[in-house]
Amino acid sequence: MSTGNPTVFRTLNERAALELLLRHGSLTRAELEFHTGLSKASAAEVLRRLENGRLARKAGTKPGNAGPAAQLWELNGSASWVAGLDLTARAVEVSVSDLTGEVRGGHQAEAPGEGTDAVAFLTEAVQAAAHDAGVTLDDLDQIVLGVPGVVEAGGHRLSQAVQLSGWSHLDDLGDLREQLGTERFRLENDVNLVAIRELEEHKGSSFVLFWVGSGVGAGVVLNDVLWRGVTGRGGEVGSVTVPDPVSRGRLYGPDGGPLGALLGTAPLAELAAAHGLEVEPTLRAVTELLRAEPPAEFLDDVARRVALGVTAAVGVLDPGYVVLGGPVCTAAGEALRSRVADLLVPTGLAPVTVAVSRVSGNAVLEGAVRHALDLAREQVFHAGTAGRTGPVNES
């Protein structure tokens, strides 16, 4: 009778313990026994190995109802470090997190001018954020860069990044990958990263994140997994040809055009002008207008365009849940949500639950860190103590 591979069983037990420590924050040995079914001796051995491998560490004690306090254990955040980046037209923001998800350092920088070398600029930004966290560039196990553009499914190539045209050397990422580490560096579409961040709010569901900011896009999550498509173009709804459902401020006739020409900063500013509202074609001005309770007729037209885009995004996927995100949708808030929901009822897509994103702050950056953490945790938890071959930065 086969007895199995002891190394495999050891690693599986370690992974189960690490995942429980991540989920619960800290556990006693007895609690680890309860959750895993391990014997007292086996649980103690797992914790000993994890401590020696610097994957777990002692975290004080838990008072008991009777007898001495029990030793608590927690995940050692310094076992792995990750960085997330949000790159926009002229600036970058970086966060560095430990394995527990605690952000330990960051850096923000604006490019000094048009044609700034993206390779040197981004490398220096990651180094500065790592230094702020008390680690070095070499200590980072995963680096995820969020960009507005089409990223191939493997996360290694960027195309159609019109919004990043001001950067030099961004079209050829070979040098950047070499500087930041080929095996640990990857790209991801910015809206996809927001969908990853939204996934924390909607665990166990399938949803479409419909994003309107300077442009328009969508992120698709099916059964808790981000769907990128075969080529990485999953969610790129901006190029879908649609008619303009709005008669006032119509951008094109019944033959249609790209959805991206209807939604975003410039087209919404044009729509506002058609309603007699003076607004500059900037994202800040458009969102301020939407927050200031503009005329209902204007909101009705914005909702018609958004609903058309949502229909294009969910008509085939049938996720049952739509999250309206991005600066434009969150600025319009409930007024937009209720209108879009009403417009979807007669389309045959009902029942569709429509919600406005509750995620605040830089969701692209947070999604980049979350994606990097998922990759790092899979790597660390899968390898267990057998994969600990070098020193760990205990900053």
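Keep in mind that this is a model prediction, so the values were computed, not measured.

(A) Summary view of the pairing of strand 10 (residues 185-189). Judged by how many residues are buried, strand 10 sits mostly within the fold: 4 of 5 residues are covered. Pairing between strand 7 (residues 140-147) and strand 10: 5 bridges, direction parallel. Considered in strand 10, the bridge of Gly 146 is made with Glu 188.

(B) Quick look at the pattern of salt bridges. Under the criterion given, the structure shown has 21 salt bridges. Arg 29 is paired through a salt bridge with Glu 33; the nearest N and O atoms lie 2.7 Å apart. Taken together, the positions of Arg 29 and Glu 33, both in helix 2 (residues 29-36) and 4 residues apart, correspond to about one turn of that helix. Judged by its relative accessible area of 29%, Arg 29 falls in the partly exposed class. Of the residues examined, Glu 33 reaches a relative accessible area of 18% and is grouped as buried. By sharing partners, the salt bridges in this structure join Arg 197, Glu 200, Glu 201, Arg 358, Glu 366 and Arg 370 into a single network.

(C) Spatial organisation of a nonpolar patch on the surface. There is a patch of nonpolar side chains on the surface, built from Val 8, Phe 9 and Leu 12 and spanning about 280 Å² of accessible area. Examined against the element boundaries, Val 8 turns out to sit in helix 1 (residues 6-24). Take Val 8: its relative accessible area is 43%, and that puts it in the partly exposed class.

Calculation criteria
Residues numbered from 1 in each chain as written. Predicted model: local features only at pLDDT ≥ 70, side-chain atom pairs only at ≥ 80, totals over all residues. Heavy atoms only, no water. Buried < 20%, exposed > 50% of the residue type's maximum accessible area, 1.4 Å probe, protein only. Helix = DSSP H or I, 4+ residues; strand = E, 2+ residues; numbered from the N terminus. Pairing = 2+ DSSP bridges. Salt bridge = Lys/Arg side-chain N within 4 Å of Asp/Glu carboxyl O. Patch = residues over 30% accessible without salt bridge, like charges linked within 9 Å, V, L, I, M, F, W, Y side chains within 5 Å. Areas by Shrake-Rupley, 256 points an atom, 1.4 Å probe, with all protein chains shown as cover.

Read these as layout, nothing more, since geometry by itself doesn't imply function.
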